[in-house]
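Fold and geometry: a report
Residues per chain are reported as follows:
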Amino acid sequence: MAVANLRGYGRVDLAVTNDYGNGNSVSVLLNSGGGAFAAAVHYPLGAVYNQFVAAGDMNGDGKPDLVVASSPTNQLSVLLNAGDGTFGAPTMHLVGSQLGMLAVGDVSGDGKPDVVVVDGDSVAVLLNTGNGTLGSPVEYPVGSQPGGQVLADLNGDGKLDVAVLAGTGVSVLLNAGSGALATPVAYAAGQTPTVLAVGDLDGDGKPDLAVSDQGTGAVQVLTNAGGGTFSPAVAIPVGQGLFSVAMGDLNGDGLTDLAVTMWSDSTVRVLLNAGSGKFTAGYVGQVGPAPEALIVADLNGDGRLDLALAVAMGNTVSVLLQCPVMGHQ
């Protein structure tokens, strides 16, 4: 899933990829206010597995567009926003093999969002050439079976770096300038990492990494030690069946909390940040079988962060709005 203000109404909308169903498409759910969403509008892409979607202003017109990675056709599809939350026909870019997770951000520092996508055992960087078109991919090997990735300024130099799951760990590729990436540095992160999230968990102003690890049933937290390096992972036990992780200050105390999805009992769980690397159990909610992609965002505009997640076995998106807390505004 991706979240973005697709219509410019001040409300965030959702985009979700579909495998097989609805014409092998990306679906857009426009926010109708109060945390409710209109019926999904499907945009066919023709690929068998439309697995990952990200949003960014690819043609510089001030409106967020969509980029979708698909396999086995190994295509990136760019869908330009018409301005009202509807999208034109996709422009296709063929890239390598076994495309996976993608991210959109200005890697080259020229003010235009670029695309970084998992491609086989590498990550590929496609620089934005303007008007919604992308240049040829530049490949950076990162290790076996790379998965989730994030873009963030990990070393504080003002440039977006790349962190990507590979093998049993995280590979960090610092930005060398002009869209080039340095040699990856690998960090262990459990046994079977599935999803990667980034945010400041210890309040020191530097982005840390959190990995959902199916193998150990724990969230592996890698604290940013400065200069784009990370301390050894510390496991936050959650339980077997852990799938995804996301971050956000969910209780408004100024500390970044964790939210996770669980395949074992079809729940979403909140782990509240107690400081000093400690987390306590918070909200637990039933959401349906095989909850996967998870997003933390203010979906109803009340200033509190909500949750949205894709429920694979139910072919639905579940929206969980945060309730007001007694005594707090």
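What comes next concerns the included structure. Each residue is numbered by its place in its chain's sequence as written, counting from 1. It should be noted that, the model being predicted, local features are given only for residues of pLDDT at least 70 and side-chain atom pairs only at 80 or more, the latter also being counted only at that level, while totals for whole chains, interfaces and linings use all residues. To get the side-chain values, take all heavy atoms of the structure and skip hydrogens and water.

Our next topic: the side chain of Q75. With respect to the helices and strands, the residue Q75 is situated in strand β9 (residues 75-79). Taking the relative accessible area as the measure of exposure, Q75 reaches 9% and is therefore buried. Counting of polar contacts relies on pairs of N or O atoms within 3.5 Å, with two restrictions inside protein: one atom must be capable of donating a hydrogen and the other of accepting it, and residues adjacent in sequence are counted only when both atoms are side-chain atoms. There is a polar contact of 3.4 Å between the side chain of Q75 and the backbone oxygen of L45. Where helices and strands are cited, they refer to DSSP runs of H or I of at least four residues and of E of at least two residues respectively, numbered from the N terminus. Remark: exposure states derive from per-residue accessible area (1.4 Å probe, protein chains only) relative to the maximum for the residue type, with buried under 20%, exposed over 50%, and partly exposed in between.

Before going further, it helps to examine the pattern of salt bridges. When a carboxyl oxygen of Asp or Glu is within 4 Å of a side-chain nitrogen of Lys or Arg, the pair counts as a salt bridge. Taken as a whole, this structure holds six salt bridges when the rule is applied. Between D61 and K63 there is a salt bridge, with its nearest N and O atoms 3.1 Å apart. According to the relative accessible area criterion, D61 is partly exposed, its value standing at 32%. Classification of K63 as partly exposed rests on a relative accessible area of 24%. The closest approach of N and O atoms between R304 and D302, which form a salt bridge, is 2.9 Å. On the basis of relative accessibility, which here comes to 29%, the residue D302 falls in the partly exposed class.

So, on to the sheet that holds strand β12 (residues 114-119). We treat two strands as partners when DSSP finds at least two bridges between them. The strand order across the open sheet built from four strands is β11-β12-β13-β16, with neighbouring strands paired in antiparallel fashion. At either margin of the open sheet sits one strand with a lone partner, and together these are β11 (99-105) and β16 (138-141). Taking each pair of neighbouring strands and ignoring which way they run, the sheet shows an average axis angle of 20°. Taken together, the five bridges between β11 and β12 define a ladder with antiparallel strand orientation. Considered in β12, the bridge of G105 is made with D114. Under this scheme, a helix contributes an axis fitted over its contacting stretch, all axes are lines through C-alpha atoms, and angles between N-to-C directions fall in the 0 to 180 degree range.

All right, on to the sheet that holds strand β2 (residues 13-17) then. The strand order across the open sheet built from four strands is β1-β2-β3-β6, with neighbouring strands paired in antiparallel fashion. Taken across any chain shown, the strands that pair with only one partner, and hence form the sheet edges, are β1 (2-4) and β6 (41-44). Taken pair by pair, the neighbouring strands of this sheet meet at an average axis angle of 25°, ignoring direction. The pairing of strand β3 (residues 25-29) with β6 spans four bridges and is classified as antiparallel. Counted as the bridge partner of V26 is Y43 from β6.

For the rest of this paragraph, the subject is the environment of H42. By the element assignment, H42 lies in strand β6. Here H42 falls in the partly exposed class, since its relative accessible area comes to 34%.

For strand β8 (residues 65-71), the tally of buried residues reaches seven of seven residues, placing the bulk of the element in the interior. Judged by which residues are buried, β8 turns out to be covered on both faces: D65, V67, A69 and S71 on one side and L66, V68 and S70 on the other are all buried. Taking the residues between adjacent antiparallel strands as the criterion, β8 and β9 are bridged by three residues, where N74 takes a positive phi near 55°.

Now for the packing of aromatic side chains. Two rings belonging to Phe, Tyr or Trp (six-membered ring only in the last case) form a pair when the distance between their centres is within 6.5 Å. Interplanar angles under 30 degrees mark stacking, angles over 60 mark edge-to-face geometry, and anything in between is tilted. As enumerated under the stated definition, the model contains three aromatic pairs in all. Ring centres of Y43 and F87 lie 5.7 Å apart, and the angle between their planes is 85°; this geometry places the pair in the edge-to-face category. You can see Y43 sitting in strand β6 and its partner F87 sitting in the loop between β9 and β10 (91-94), a full 44 residues away along the chain. Across this residue pair, the class does not change: Y43 and F87 are buried. Between the aromatic rings of Y187 and F230, the centroid separation amounts to 5.7 Å while the plane-to-plane angle is 80°, which identifies the pairing as edge-to-face. Taken together, the residues span a long stretch of sequence, with Y187 in strand β22 (residues 185-188) and F230 in strand β27 (residues 229-230) at a distance of 43 residues. Note on accessibility: Y187 and F230 belong to one class, buried.

Across the six residues of strand β30 (residues 257-262), six count as buried, placing the element largely inside the fold. Neither face of β30 is open: one carries D257, A259 and T261, the other L258, V260 and M262, and all of them are buried. Looking at chain direction, strand β29 (residues 242-248) and β30 are connected through six bridges and run antiparallel. Across the sheet, residue G248 finds its bridge partner in β30, namely D257. What sits between β30 and strand β31 (residues 267-275) in their antiparallel hairpin is a turn of four residues, with S266 showing a positive phi close to 55°.

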